[in-house]
Amino acid sequence: TNEERWWEALPSLVDFSSSSSSSSAFTPSQSSSSSSYHGPCHTLPGYQGFLYFSRALSPEASLDLAHKCLTSYCEPPHDTNIDNVPPKPGEESVEGAEGGMFRRWMDGNPTKAYRDLAKLSWATTGYNYDWTLRKYHEDKKSPFPPTLSSLGRMFASAAGSPNFTPQASIVNYYTTKSLMGG
């Protein structure tokens, strides 16, 4: 039905837990690099470019990446959706506050802070994309995190592009009530 959520329809497209489904699965070739991905990569027939790397990150790597997304990638010098909207009257500027947005949230410090985790929708690292002009600007970039660079190179290599050098990322933040694209 039209009201069906995408994740409810996904099993009818492909069973990612099994390589014996209507999708094709391949395991990237082994290399001597310890930062290479060696798990299955699923594709969907008729959808060139769709790659799904199941079990791509260990639980520890997932937690480390989530922690960096909440404590580092959403703080200056990286750009966020919050930075593009001026503070409302009464909102406090807490720039440079110890630990940033996540620490204030963890400490239970309710403030009328301009930079507040509850307002966070996205953050960019590396080159910042100008959605109005549809281009990247050399003068609008932040340092690209080594963890994201390593992950980008690993997956690009597994997908057949071993010389890829990632230079930009967007991190999306979702509440339990938000949906991707809506």
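**Details of unusual backbone geometry**
- Here the bond from Pro-76 into Pro-77 is cis, since omega is 15 degrees, no more than 30 degrees from zero.
- Looking at the secondary structure, you find Pro-77 in the loop between α2 (59-71) and β4 (79-80).
- Within the chain, Arg-134 stands out as a residue other than glycine whose phi angle is a positive 60 degrees.
- Here Arg-134 lies in the loop between β5 (122-130) and β6 (135-141).

**Thoughts on the pairing of strand β7 (residues 168-172)**
- The side-chain alternation of β7 yields one buried face, formed by Ser-169 and Val-171, and one unburied face, formed by Ala-168, Ile-170 and Asn-172.
- Relative to β7, β5 runs antiparallel, the two sharing 5 bridges. Within β7, the residue paired with Gly-126 across the bridge is Ala-168.

**Considering the pairing of β6**
- Judged from the 3 bridges that link them, β5 and β6 form a sheet pairing that is antiparallel. Across the sheet, Tyr-127 pairs through a bridge with Lys-141, a residue of β6.

**Regarding the packing of aromatic side chains**
- Taken as a whole and assessed by the stated rule, the structure comprises 3 aromatic pairs.
- Ring geometry for Phe-53 versus Phe-155: centroids 4.9 Å apart, planes at 45 degrees, classification tilted. Of the two residues, Phe-53 is situated in strand β3 (residues 52-53) and Phe-155 in helix α4 (residues 146-158); the sequence distance between them amounts to 102 residues.
- Under the relative-accessibility criterion, Phe-53 is labelled buried at 16%.

**Digging into the nonpolar core**
- Judged by nonpolar contacts, the single largest core of 21 residues is most densely connected at Tyr-73, Leu-120 and Tyr-173.
- Top element by residues in this core is α4. It accounts for 5 residues.
- Beyond its immediate chain neighbours, meaning those up to four positions away, Leu-120 contacts Cys-74, Thr-80, Asn-81, Ile-82, Met-101 and Tyr-173.

The rules we used
Residues numbered from 1 in each chain as written. Predicted model: local features only at pLDDT ≥ 70, side-chain atom pairs only at ≥ 80, totals over all residues. Heavy atoms only, no water. Helix = DSSP H or I, 4+ residues; strand = E, 2+ residues; numbered from the N terminus. Buried < 20%, exposed > 50% of the residue type's maximum accessible area, 1.4 Å probe, protein only. Pairing = 2+ DSSP bridges. Phe/Tyr/Trp six-rings, centres within 6.5 Å; stacked < 30°, edge-to-face > 60°. Core = buried A, V, L, I, M, F, W, Y, C linked by side-chain atoms within 4.5 Å. Contact = heavy atoms within 4.5 Å.

In short, geometric facts, not functional conclusions.
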